[in-house]
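Listed below are the residues making up each chain.
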Amino acid sequence: MKTKRVIRTITLTGLILFTILTLFLSTSILLDVFGIREQQGHYVPLVIWSNFLSGCLYTLSLIGMFTHKKWSIVPMVLALFILVGAFLGLYIHVMDGGLYEDKTIMALFFRITLTLFFALGIYVSTKPRL
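Residues numbered from 1 in each chain as written. Predicted model: local features only at pLDDT ≥ 70, side-chain atom pairs only at ≥ 80, totals over all residues. Heavy atoms only, no water.

1. What about the environment of Ser72?
With respect to the helices, strands and loops of the structure, Ser72 is situated in the loop between α3 (45-66) and α4 (73-95). Here Ser72 falls in the buried class, since its relative accessible area comes to 0%. Once the C-alpha coordinates of Ser72 and Leu57 are considered, the two residues, 15 residues apart in sequence, prove to be 9.6 Å apart. Apart from the residues lying within four places of it in its own chain, the contact partners of Ser72 are Ser61, Gly64, Met65, Ile122 and Thr126. (Helix = DSSP H or I, 4+ residues; strand = E, 2+ residues; numbered from the N terminus. Buried < 20%, exposed > 50% of the residue type's maximum accessible area, 1.4 Å probe, protein only. Contact = heavy atoms within 4.5 Å.)

2. A look at the packing of helix α1 (residues 2-31) against α3
Following both chains from N to C, one finds α1 and α3 inclined at 150°, their axes separated by 8 Å at the closest point. Regarding α1 and α3, the two cross each other, and that crossing is left-handed. In terms of residue class, the contact of α1 with α3 is built from 15 nonpolar, nine polar and one charged. (Axes fitted to C-alpha atoms, helices over the stretch in contact; angles between N-to-C directions. Left-handed = near helix turned anticlockwise from the far one by under 90°. Nonpolar A, V, L, I, M, F, W, Y, C, P; charged D, E, K, R; others polar.)

3. Some points on helix α5 (residues 102-126)
Under the 1.5 Å per step criterion, the end-to-end length of α5 is 37 Å for 25 residues, consistent within 8% with the ideal 36 Å. For α5, the full list of buried residues reads Thr104, Leu108, Arg111, Ile112, Thr115, Phe118, Ala119, Gly121, Ile122, Ser125 and Thr126. The inward-facing, buried residues of α5 contact α1, α3 and α4. (Expected span 1.5 Å × (residues − 1).)

4. Regarding unusual backbone geometry
Located in the positive-phi region is Asp32, a residue other than glycine, with phi close to 55°. With respect to the secondary-structure elements, Asp32 resides in the loop between α1 and α2 (36-39). With a phi angle near 60°, Phe34 is a residue other than glycine that sits in the positive phi range. Inspection of the secondary structure puts Phe34 in the loop between α1 and α2. Taking relative accessible area as the criterion, Phe34 reaches 64% and is therefore assigned exposed.

5. Some points on the nonpolar core
Leu15, Tyr58, Met76, Leu90, Leu108 and Ile122 are the most contacted members of the largest nonpolar core, which totals 22 residues. Residue assignment for this core shows that the elements contributing at least two residues are α1, α3, α4 and α5. Examining the composition of this core, we find that eight residues originate from one element, α4, more than from any other. Ignoring any residue separated from it by four or fewer positions in sequence, one finds Met76 in contact with Leu15, Tyr58, Ser61, Thr115, Phe118, Ala119 and Ile122. (Core = buried A, V, L, I, M, F, W, Y, C linked by side-chain atoms within 4.5 Å.)

In structure tokens:
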């Protein structure tokens, strides 16, 4: 029981920080706040919109976790599918000769991996005791 609480605390803390960062950066690029859009170079709109939507889904998962709901895993899994779809879209964009930054590929891969770990953390902390 104590292990579940530790996993839940780590997942919540990490997800809160990651959600804030995700929403701030994606919104800043979409709205060109603080000139961040120019600093990003050749950004791919599909990836930015996917990140923004994932940030909204992370927020839903956080609400579910704070209220100890089992459905909190659902938005996280949806975010995972959206990010994998964005990765495939990025691949097609690159193969078609579209402009992109090398860091976009690594950042999206990192985001998918981190989302998977958050989903596992939510699953472990909300699953019923066997």
